[in-house]
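Results of the structural survey
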Amino acid sequence: MTKRPACIVATLLASVTGAAALAGNESRSVAYPLPGGLIEVVADFSENSIYWCGAGDHALNQMRKPGNQRLYVWKGPSPSTAQPGAQAVTFGFTPPPQGTSPALTNDVGIIGNTLSVSQAKKTCDERTSSG
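Residues numbered from 1 in each chain as written. Predicted model: local features only at pLDDT ≥ 70, side-chain atom pairs only at ≥ 80, totals over all residues. Heavy atoms only, no water.

Focus on the overall build of the chain
When its secondary structure is counted, the chain shows 3 helices and 5 strands. When its helices and strands are written in sequence order, the chain yields α-β-β-α-β-β-β-α. Counting the 131 residues in the chain, one finds 36% classified as buried. Across the chain, contacts joining residues at least 24 apart in sequence account for 59% of those joining residues at least 6 apart. (Helix = DSSP H or I, 4+ residues; strand = E, 2+ residues; numbered from the N terminus. Buried < 20%, exposed > 50% of the residue type's maximum accessible area, 1.4 Å probe, protein only. Contact = heavy atoms within 4.5 Å.)

Quick word on the environment of Asn68
Along the chain, Asn68 falls in the loop between helix H2 (48–62) and strand S3 (70–79). Sequence separation between Asn68 and Ser118 is 50 residues, and the spatial gap between their C-alpha atoms is 6.5 Å.

Brief notes about the nonpolar core
Core analysis: the biggest nonpolar cluster contains 18 residues, and Val41, Tyr51, Trp52, Leu71, Phe91 and Val108 have the highest contact counts within it. Of all the secondary-structure elements, those providing two or more residues to this core are strand S2 (38–43), H2, S3, strand S4 (87–92) and helix H3 (117–122). Among the elements that make up this core, the one with the highest residue count is H2 (5 residues). Trp52 has contacts with Leu71, Val73, Phe91, Asn106, Asp107, Val108, Asn113, Thr114, Leu115, Ala120 and Thr123, leaving out every residue within four places of it along the chain. (Core = buried A, V, L, I, M, F, W, Y, C linked by side-chain atoms within 4.5 Å.)

Quick notes on the environment of Asn106
Inspection of the secondary structure puts Asn106 in the loop between S4 and strand S5 (114–116). Asn106 gets classed as partly exposed once you look at its relative accessible area, which sits at 24%. In this structure, the C-alpha to C-alpha distance between Asn106 and Asn48, residues 58 residues apart in sequence, is 6.4 Å. Apart from residues no more than four positions distant in its own chain, Asn106 is found in contact with Asn48, Ser49, Trp52, Asn113 and Leu115.

This is the structure we're talking about:
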């Protein structure tokens, strides 16, 4: 009788940890629509891929944007308007007034930096240094 509950507990534990591993970066950010078609992404850990993941996931799944649609950094890490006290990055679907960046990086501190929606969504699968 004692083997059965231990087996059930082990199975449940394995399924829970497996589900957490599959969650990716999607669970680490929240995206908020802003006026003008902008998206503000608040992340639980300040890392480039988590911000891009939040923007890409929101654009693809909530706004139904095509994968080849470009996302641009409009405002780098700064105080959130949607979640006071939190840090956020603002993204848009058109280049910001400052123009685009020729950088080949996913640095959200570079205004005008760009990835496609599908590239941004792919960052959800990346392993981050924060776990």
